[in-house]
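Coordinate inspection notes
In case you want the letters, here they are:
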Amino acid sequence: MMQGLLTAIRAEIYVFTRSRSIQLLCVIPALVAAVQLLLVKSLAASNDARAALMGTETADGGGGFGGGGFGNVEGADAWGALVDALGTGMTLISLILVAYSAWSFASDRDQGVLRHLLIRRVSRPALVLSKLIQAHLLALVSIVLMLLVTFGSAALLWDFGPVIEDGYELIGTADIHAELSLGLSLALIPLPAAIALGVLVSVLSNSTTQALSLALGLTLGLDLFKSVLGGAADYLYASYLVSLLDESYLDDVARLVRGYSDVMIDPAVLQLNQWVPWPQMVLFIILALALVRRKKL
């Protein structure tokens, strides 16, 4: 089992380091986040120039006490743009990981690669585990690259400091760093469960197209319907995944750094965010390992 797993992992690393398409998947979230920051900065500069020509003043942010947005808020634009770009990057990463984990196993099965590995005495569970490891490697590279590019681009475009409204500090830099760090940490926790779901769907599917359709359909479906589940949604990993209809803590951070004071944070939900995704990830992996033994490869 261990020898077969090592053989499968070496094969996955070989493909990972030589596949241009996989490397492109790692780069896309970072590029999109950087482009978003550039567009936001360009739009802000255009608005400032237009306001200067018209002899009017522009507010720096959109926050304020109670979410009213009154007064001149300094620093909110920079932090808000940064968190929005991070949210965009994390959304793309989560979708790419689900799609890739579903595609990887199904594609190798359709092309006969899995049979070749089975001939080399790689067990079926080892094949599943190797796909999980490769998907997590893709996640690691994508996340690190996206964070480096996003923070680096934002640092070049803005000067970051506390969020101040009419001389009063709404939120300090240290508090922003703490909230941003917590938001990113909580956003990363559901990703292994999303990857495991993609692999499970891939094992159950009969073709690559079916695997991709089901994995993305399930992910987007959970995103759409989590709002109608009420309190039950708190026990679903997808509720904490940064997504198109984002309800993760990173979305709350985007409002906090803009100076909004009406953001309600439930410590119980944050705790569920830390623990709920793990048993669901384990369940998906166990099902994939059990079902792959019966699947025709």
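Attention in this report is confined to the structure presented alongside it. (Residues numbered from 1 in each chain as written. Predicted model: local features only at pLDDT ≥ 70, side-chain atom pairs only at ≥ 80, totals over all residues. Heavy atoms only, no water.)

Soluble globular proteins: nonpolar side chains tend toward being buried together. Of all hydrophobic cores here, the largest spans 78 residues; its most connected members are Phe105, Val128, Leu180 and Tyr237. Ranked by residue count, the leading element in this core is helix α3 (residues 76-111), at 16 residues. The residues contacting Tyr237, other than those within four sequence positions of it, are Pro190, Ala193, Ala194, Leu197, Leu222, Val276, Pro277, Gln280 and Phe284. (Core = buried A, V, L, I, M, F, W, Y, C linked by side-chain atoms within 4.5 Å. Buried < 20%, exposed > 50% of the residue type's maximum accessible area, 1.4 Å probe, protein only. Helix = DSSP H or I, 4+ residues; strand = E, 2+ residues; numbered from the N terminus. Contact = heavy atoms within 4.5 Å.)

Moving on, we come to the side chain of Lys226. Mapped onto the fold, Lys226 is located in the loop between α8 (208-225) and α9 (249-256). Note on Lys226: relative accessible area 1%, which makes it buried. At 3.2 Å, the side chain of Lys226 forms a polar contact with the backbone oxygen of Leu245. Apart from residues no more than four positions distant in its own chain, Lys226 is found in contact with Ala233, Ala238, Ser239, Leu241, Ser243, Leu245 and Glu247. (Polar contact = N/O pair within 3.5 Å; in protein donor to acceptor, adjacent residues only side chain to side chain.)

Within this model, the second largest pocket holds a volume of roughly 230 Å³. Of all the secondary-structure elements, those providing two or more residues to the lining of the second largest pocket are α9 and α10 (267-275). Tallying contributions element by element places α10 first for the lining of the second largest pocket, with three residues. Residue composition of the lining of the second largest pocket, by class: seven nonpolar, three polar and five charged. (1 Å grid on protein atoms, 1.4 Å probe; cavity = no way out; pocket = protein on both sides within 12 Å on 5 of 7 lines; lining within 4 Å. Points joined across faces, edges and corners; volume = space filled by probe spheres on them. Nonpolar A, V, L, I, M, F, W, Y, C, P; charged D, E, K, R; others polar.)

Take the pattern of salt bridges next. A full pass over the atoms with the stated rule returns four salt bridges. Across the salt bridge formed by Asp108 and Lys131, the nearest N and O atoms sit 2.2 Å from each other. With Asp108 in helix α3 and Lys131 in helix α5 (residues 124-157), the pair connects residues that are 23 residues apart, well separated along the chain. Considered together, Asp108 and Lys131 belong to a single accessibility category, that of buried residues. Across the pair Asp223 and Lys226 runs a salt bridge, and its minimum N-O distance is 2.9 Å. The class of Asp223 is buried, set by a relative accessible area of 7%. (Salt bridge = Lys/Arg side-chain N within 4 Å of Asp/Glu carboxyl O.)

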